[in-house]
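If you want the building blocks of each chain, they are given just below.
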Amino acid sequence: MKKLISFLSLAFFVAFASNVSAQDKWIIDASHSTIGFSVTHLMISEATGKFTKFEGSLTGKKEDFSDATVELTIDAASVNTEDPKRDGHLKGADFFDVEKFPKITFKSKEMKLVSGKNYKLTGDLTMHGVTKTVTLDVEFKGSVKNPWGMMVAAFKLTGKINRQEFGVKWSKALDNGGTVVGDEVIISGTIELTKKA
């Protein structure tokens, strides 16, 4: 009986170890990736920006990435709109408040293959101390081996969030009844990942 228990324990351990080793991990190549956003300005135009410092990974077993888990961490203070004065305002208490909330994070719950190379990526986005579940549209752009023998995959993502839901409420009223800054924020990005050896 003891031998049987020992055998079953060993078999379970081998199966578990094999299952873990089957996980592929892909690391975001920040130098070949972009995470940007846009928001309505004065009700008639757009203001755009991006984050220049971020890191993250994708982990999964399936070749079609339908079981992937995604984690992303953004340095909120790296916000860049090509306007130093505006960037300073965005880093302050009216918006990201980077002194209190230095990181923006995303942790996926599901990456669902919708059709072809299109996915719905659902997860928890934490920003300004508030966590909300959001869903992003993701398009798999393909994979290729780079000149150094490493596999590289790329995805394009788009989505929308309401900044008011994350406690980022600053704006000013216009004479026509609108506001200086819109509530809806469009998220867009191209993510390139390298498969970890």
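What you see is a predicted model; the values in this text were computed from it and never measured.

Trainee: Give a detailed account of the overall build of the protein chain, specifying residues and quantitative values.
Mentor: Across its full length, the protein chain holds two helices and 11 strands. Starting at the N terminus, the α and β elements of the protein chain follow one another as α-β-β-β-β-β-β-α-β-β-β-β-β. Here the protein chain, with 197 residues, has 36% of them falling under the buried criterion. Pairs at least 24 apart in sequence give 54% of the contacts found in the protein chain among residues at least 6 apart. If you sum the accessible surface of the protein chain, you get close to 12200 Å²; carbon and sulfur atoms cover 56% of it.

Trainee: Tell me about the confidence of the model for the protein chain, and please be specific about residues and values.
Mentor: With 89% of its residues at a pLDDT of 70 or more, the protein chain has an overall mean of 91. The model gives residues 14-21 a pLDDT under 50, and that stretch makes one contact with residues more than four places away or in other chains.

Trainee: Describe the side chain of serine 57, with residues and values.
Mentor: The residue serine 57 is located in strand E4 (residues 54-60) in this model. The exposure class of serine 57 is buried, given its relative accessible area of 13%.

Trainee: I'd like a rundown of the pattern of salt bridges, residues and numbers included.
Mentor: Here the structure, examined in full by the defined rule, presents five salt bridges. For aspartate 24, the salt bridge identified is with lysine 195, shortest N-O distance 3.7 Å. Note that aspartate 24 is positioned in strand E1 (residues 24-28) and lysine 195 in strand E11 (residues 181-195), a separation of 171 residues in sequence. By relative accessible area, which is 30% here, lysine 195 ends up partly exposed. Between arginine 163 and aspartate 183 there is a salt bridge; the shortest N-O distance is 3.7 Å. One end of the pair, arginine 163, is in the loop between strand E10 (151-162) and E11; the other, aspartate 183, is in strand E11, with 20 residues separating them in the sequence.

Trainee: Report on the nonpolar core, specifying residues and quantitative values.
Mentor: Of all hydrophobic cores here, the largest spans 43 residues; its most connected members are Phe65, Phe96, Met111 and Phe155. Sorting elements by how many residues they give to this core places E11 first, with five residues. Apart from the residues within four sequence positions on either side, phenylalanine 65 is in contact with Trp26, Leu58, Met111, Tyr119, Phe140, Ala153 and Phe155.

Criteria and cut-off values
- Residues numbered from 1 in each chain as written.
- Predicted model: local features only at pLDDT ≥ 70, side-chain atom pairs only at ≥ 80, totals over all residues.
- Heavy atoms only, no water.
- Helix = DSSP H or I, 4+ residues; strand = E, 2+ residues; numbered from the N terminus.
- Buried < 20%, exposed > 50% of the residue type's maximum accessible area, 1.4 Å probe, protein only.
- Contact = heavy atoms within 4.5 Å.
- Areas by Shrake-Rupley, 256 points an atom, 1.4 Å probe, with all protein chains shown as cover.
- pLDDT = per-residue confidence, 0-100.
- Salt bridge = Lys/Arg side-chain N within 4 Å of Asp/Glu carboxyl O.
- Core = buried A, V, L, I, M, F, W, Y, C linked by side-chain atoms within 4.5 Å.

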